[in-house]
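Architecture and fold: a report
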Amino acid sequence: MTNTVSTRLLVLGSGPAGLTAAIYAARAGMSPVVVQGIQPGGQLTTTTDVENYPGFRDVIQGPWLMEEMQAQAEHVGTRVMWDHISEVDLTRRPFRLSGDGGTVYSCDTLVIATGAQARWLGLPSEERMKGKGASACATCDGYFYRGKKVAVIGGGNTAVEEALYLTNHSHDVTLIHRRDSLRADKILQDRLFANPAIKVVWHSEVAEFVAGGTPEALVGLDLRDVRTGEISRIDVEGAFVAIGHDPATELFKGKLKLDSDGYIAVETGSTRTSVDGVFACGDVMDKLYRQAVTAAGTGCMAALDAERYLAAQEYEALQAAE
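All chains use their own residue numbering, which begins from 1 and follows the written sequence. In keeping with the model being predicted, local features are shown solely for residues with a pLDDT of at least 70 and side-chain atom pairs are shown and tallied solely at 80 or more, while totals for entire chains, interfaces and linings include all residues. As a rule here, side-chain values cover all heavy atoms of the structure and leave hydrogens and water aside.

1. As for the packing of aromatic side chains
Short version of the rule: We call Phe, Tyr and Trp rings a pair once their centres come within 6.5 Å, taking the six-membered ring for Trp, and we label the pair stacked below 30 degrees between planes, edge-to-face above 60, and tilted otherwise. Each helix is a run of DSSP H or I of at least 4 residues and each strand a run of E of at least 2, with the numbering of both proceeding from the N terminus. Categorising residues by exposure relies on relative accessible area from a 1.4 Å probe, with only protein chains included: less than 20% of the type maximum marks a residue as buried, more than 50% marks it as exposed, and the intermediate range marks it as partly exposed.
Applying the stated criterion across every chain, the model contains 4 aromatic pairs. With a centroid separation of 5.7 Å and 85° between ring planes, the pair formed by Y145 and F240 is classed as edge-to-face. Taken as a pair, Y145 in the loop between α4 (138-141) and β11 (150-153) and F240 in strand β17 (residues 238-241) lie far apart in primary sequence, 95 residues in all. Among the residues examined, Y145 registers a relative accessible area of 12% and is labelled buried. Pairing F279 with Y309 gives two aromatic rings, centres 6.1 Å apart and planes at 70°, and the pair type is edge-to-face. Pair noted here: F279 is in strand β19 (residues 278-280) and Y309 is in helix α7 (residues 292-321), with a separation of 30 residues, a long-range link.

Written as structure tokens, this is what we have:
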């Protein structure tokens, strides 16, 4: 027999956006259900030191912060399900979603907070150095490299913006790019080339993240010249991979309007999507800021938008019944 879970508001994703939406929805009496997805807690569970989330004077740990958010959501009335959604039907109401384990979720409103994943180079040495000098977010981690030599890998807008941002903390920033020209907007390129703290290494790709010291940390990058194959080394203590993000929107292709980069399109100033009753928040709709605190903010917006939507629907139903 199929197990069916029914709720007024279903949240997909359990990062800062999803759990904040659940907290607000639960406090509004909506009895939300959160489906955690393949990465419970979102990207912060892979982040060690967090220093830019408001409310904590000392550095906190990403996994601990997400544990506290989930505990708060459950405390105010959220039901958290360990499941992954594999099918979505947004053509009828209530919406119906199917989990990998066979559970069917029925909901009056849906909040999508499935996030986005940073693209990495895929090197074993990169994986080993994550959290030890290898990062995919300069805004998140740049502060930890004050006065140190750092590098940014990439050639698009994100890479150039991250290199420029890092000059707030470092006097020695190297941008590494495979080609002989950047893909970034010209105005960003002009700012980059005019900044004396940034140098560019062309025709190069990272062959190895070099570890050293005790405890182990990043001490350099081995670079391969893509024309000659020659290997050279640069000394850096921080390396920021900035080659893009992939939003987790595969489930919603053909069912919701997506932008040209695959992010869920929302109405300006809201979290409303192209389907009434479906809302999106966090990194799945935000390709600009991608911070835990902005994700939490849009999670709050999504819950408030959903609450107002349901209130309007109930009012219309009452009017029609009179």
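Now that the structure is up, let's keep going.
2. Points about helix α6 (residues 186-194)
Our working rule: Arc, as used here, means the arc of the directions from the helix axis to the C-beta atoms. What makes two residues a contact is simply this: any of their non-hydrogen atoms within 4.5 Å.
If you check which residues of α6 are buried, you get L188, Q189 and L192. For α6, the angular spread of the buried residues around the axis is 100°, confining them to a single face. Set apart from the buried face of α6 by more than 90 degrees, the exposed residues are K186, I187 and A194. Buried residues along α6 sit against α5 (157-166), β12 (173-176) and β13 (198-201).

3. A look at the packing of helix α1 (residues 16-27) against α7
The line we're drawing: To get an axis, fit a line to the C-alpha atoms, keeping to the stretch in contact for a helix; angles then go from 0 to 180 degrees between the N-to-C directions. Take the far helix as your reference; a near helix turned counterclockwise from it by less than a right angle gives a left-handed crossing, and one turned clockwise gives a right-handed crossing. Gly counts as polar in this scheme, as do all residues outside two lists: the nonpolar Ala, Val, Leu, Ile, Met, Phe, Trp, Tyr, Cys and Pro, and the charged Asp, Glu, Lys and Arg.
Contact geometry of α1 with α7 gives a least axis separation of 7 Å together with a crossing angle of 35°. Once α1 is placed against α7, the crossing between them reads as right-handed. Facing α1, whose interface residues are P16, A17, T20, A21, Y24 and A25, α7 presents A292, A295, A296, G299, C300, A303 and L304. Its residues assigned to classes, the contact of α1 with α7 comprises 11 nonpolar, 2 polar and no charged.

4. Regarding the sheet that holds strand β14 (residues 204-212)
To be explicit about the condition: Strands were regarded as paired on the criterion that DSSP finds at least two bridges between them.
Judged by pairing direction, the sheet is antiparallel, and its 3 strands sit side by side in the order β14-β15-β16 without closing on themselves. Edge strands, defined here as strands with exactly one partner in the open sheet, are β14 and β16 (231-235). Ignoring strand direction, the axes of neighbouring strands in this sheet form an average angle of 30°. Relative to β16, strand β15 (residues 217-225) runs antiparallel, the two sharing 5 bridges. Bridging across to β16, D222 finds its partner in R233.

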